[in-house]
Amino acid sequence: MKFHMPTAIIFAQGAISGLGEIAQGQLHSSRPLVITDRGIIGSGIAEKAMSQLAGAPVFDEVEPNPRHTTVDRGGEIARKYKPDLIIGLGGGSVLDAAKAISLLVTNPGRIEEFEGREKYRLPPIRVLAIPTTCGTGSEVTWVSVITHTGRKFKMSIKGPRLYPVVALVDPDLLVTLPRRLIASTGLDALTHAIEAFTAKPATAFTDALALEALRLIFRYLPEAYQDIQKNSAAREKLMLGSLLAGMAFGNSDVGAVHCLAESVGSLYDTPHGVANAVFLPAVMEFNLEAAEDKYAAIAAAAGIEDKTKNGAALGLIKKVKGLSRDLSIPAFKELNIPEEDFAAVAQKSFDNNSNRSNAREATAEDYLAILNRASRGH
Ligand SMILES: [Fe+2]
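In this text the structure is predicted, and so the values were computed from the model without any measurement.

Trainee: How would you explain the pairing of strand 6 (residues 127-131) if you had to name every residue and give the values?
Mentor: Along any regular strand the residues' side chains alternate between the sheet's two faces. Counting buried positions over the 5 residues of strand 6 gives 5, a clear majority of the element. Bridge analysis of strand 4 (residues 85-90) against strand 6 gives 5 bridges, and the strand direction is parallel. Looking at the pairing, Gly90 lines up with Pro131 of strand 6. Across 2 bridges, the pairing between strand 6 and strand 9 (residues 166-169) is parallel. Within the sheet, the bridge partner assigned to Ala129 lies in strand 9 and is Ala167.

See the structure below:
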C-alpha cells in the first residue's frame, strides 16, 4: 500500500496575504509568472495576489476545459520570460494549465508530445497552486488534463514532478465564486470523493480522506450554496472537503462518472462539474451491485440511517439526486448531447484510462445504457 503526495499545504482563511512571503521568502523566487483567467482578474482575486508580486507578468487566457493551443501559447510566453516559479491562480482549468506550462518551460516541444505518464525529460519548474473554486483538487495531484481540440480528446499529462510544490488554500477566495460554480465545483469534489472511495485502487489512506471529505461536503455544500459570503464556517469546511477529496482521488482514482464527463467535455465543452453532477446518480445506480458496502459507509457519514445496507445505499443515491436538484444542476437534456452521438460518447468513456478503476466493470454497452438512463431522467 502506497501513498504519495509531496505538496506542502498551507490552509487558512486569509492565507493569500502570505503569498509574497511564500514565493519570495520560502521558495526564493525572483521571477514568478502568474497563470490565471479573465474571471479571476475581474473578481479582484488577482489583485490580492499581484500586489504582493512586484510586477510579475500574467498569462490570463486560460479557458474552461483548457485547450492544447492555449497551453502551447502560454508555454511560448513562459519560455521567453524564463520564470523560476509558476503561480497558478484559479479553478481546475487554470491549475492544470499552470502545471502543463511548467513542463514546457524546461522541455522543448508542444504539450501533446507529453501526453501520458512521465513523458517529460527534464524536471518541470515549480508550481505554486492557489485554488479559487471548491472542486478541482488539482492543487494536490500530479495530473494535468488538457483538451486536444483537433482530436476532441482530453489528454492526461502526469508524473511525480507535476505535483505543485505548495498548495496555498484560502477558503476566503470562495467569497466571490458565483452560485452556479459553487454548485458545479462542489459536486465535482463530491464526485472525486465518491469515486476515490469506491474505485478499485482505493486504500485505507484514501478511504480515510474520502470519507472525511464526504462528511464535510454533504454537511456544508448546501449551506455554502445558500450564502457563501456570510457563512465563513461553511466555505472553510467545503474548501477542506474539496482538498481532502483531491488527496483521495490523487492516490486512488476516479471512475465511470469522470470517464463520461471527460468524454462530453471534450466533445461539447460541457463544464466539468456540471457533467459530473448530471452523470453521478446514474453511475451510482449502475455501480450499486459492486459498491453497496461502500455506499452504506458513505451513507452513514452523510447522516443517513437505515437498517439494511441496501436501504442505506439507495438512500445515498436519493440524497445525491436531491442535492443536485437543490443546487439547480441542469438536467441531462440541457447538455444538448445528440442521441445519435451516444454510442461514440460511450466508446470514448470505455477507452478512458480510469474506466478500469471503476468499482464495477463497465463495457461500452454499459456506458450506452447509463447514457440512455440519464437521458430519461432516472
Ligand atoms: Fe473532477
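Text resumes after the structure shown.
Trainee: Which residues make up the side chain of Thr141, and what values do they have?
Mentor: Mapped onto the fold, Thr141 is located in the loop between strand 6 and strand 7 (143-148). Using a relative accessible area of 2% as the deciding quantity, one classes Thr141 as buried. Excluding residues that lie within four positions of it along the chain, Thr141 makes contacts with Lys99, Leu162, Tyr163, Pro164, Gly246, Phe249 and Gly250.

Trainee: A description of the coordination of the iron ion should follow, citing residues and the corresponding values.
Mentor: Summarising the metal site, the iron ion is bound by the protein donors Asp188 (OD), His192 (NE2), His258 (NE2) and His272 (NE2), whose distances to it range over 2.1 to 2.2 Å. Sequence positions of the residues that donate to the iron ion give the spacing D-x3-H-x65-H-x13-H. Of this pair, Asp188 sits in helix 6 (residues 179-198) while His258 sits in helix 9 (residues 256-268), and the two are 70 residues apart along the sequence. Taken individually, Asp188 and His258 each receive the classification buried, so the pair is uniform in this respect.

Trainee: Explain the sheet that holds strand 1 (residues 8-11) to me, and be specific about the residues and the numbers.
Mentor: With parallel pairing, 6 strands are arranged side by side in an open sheet as 1-9-6-4-2-3. Pairing within the sheet leaves two strands with one partner each, and these edge strands are strand 1 and strand 3 (58-59).

Trainee: How would you sum up the packing of helix 9 against helix 10 (residues 272-301)? Please name residues and give values.
Mentor: Here helix 9 crosses helix 10 at 135°, and the two axes come no closer than 8 Å. It follows that helix 9 is oblique to helix 10 by the angle criterion. For the crossing formed where helix 9 meets helix 10, the hand is right-handed. Across the interface between the two elements, Ala256, Val257, His258, Leu260, Ala261 and Val264 from helix 9 touch His272, Ala275, Asn276, Phe279, Leu280 and Val283 from helix 10. Taken together, the residues that form the contact of helix 9 with helix 10 break down as 9 nonpolar, 3 polar and no charged.

Conventions adopted
- Residues numbered from 1 in each chain as written.
- Predicted model: local features only at pLDDT ≥ 70, side-chain atom pairs only at ≥ 80, totals over all residues.
- Heavy atoms only, no water.
- Buried < 20%, exposed > 50% of the residue type's maximum accessible area, 1.4 Å probe, protein only.
- Helix = DSSP H or I, 4+ residues; strand = E, 2+ residues; numbered from the N terminus.
- Pairing = 2+ DSSP bridges.
- Contact = heavy atoms within 4.5 Å.
- Donors = N, O, S within 2.8 Å, 3.2 Å for Na, K, Ca; no water.
- Axes fitted to C-alpha atoms, helices over the stretch in contact; angles between N-to-C directions.
- Parallel < 35°, antiparallel > 145°, perpendicular 65-115°, else oblique.
- Left-handed = near helix turned anticlockwise from the far one by under 90°.
- Nonpolar A, V, L, I, M, F, W, Y, C, P; charged D, E, K, R; others polar.

By themselves, these are just geometric observations and shouldn't be taken as functional.
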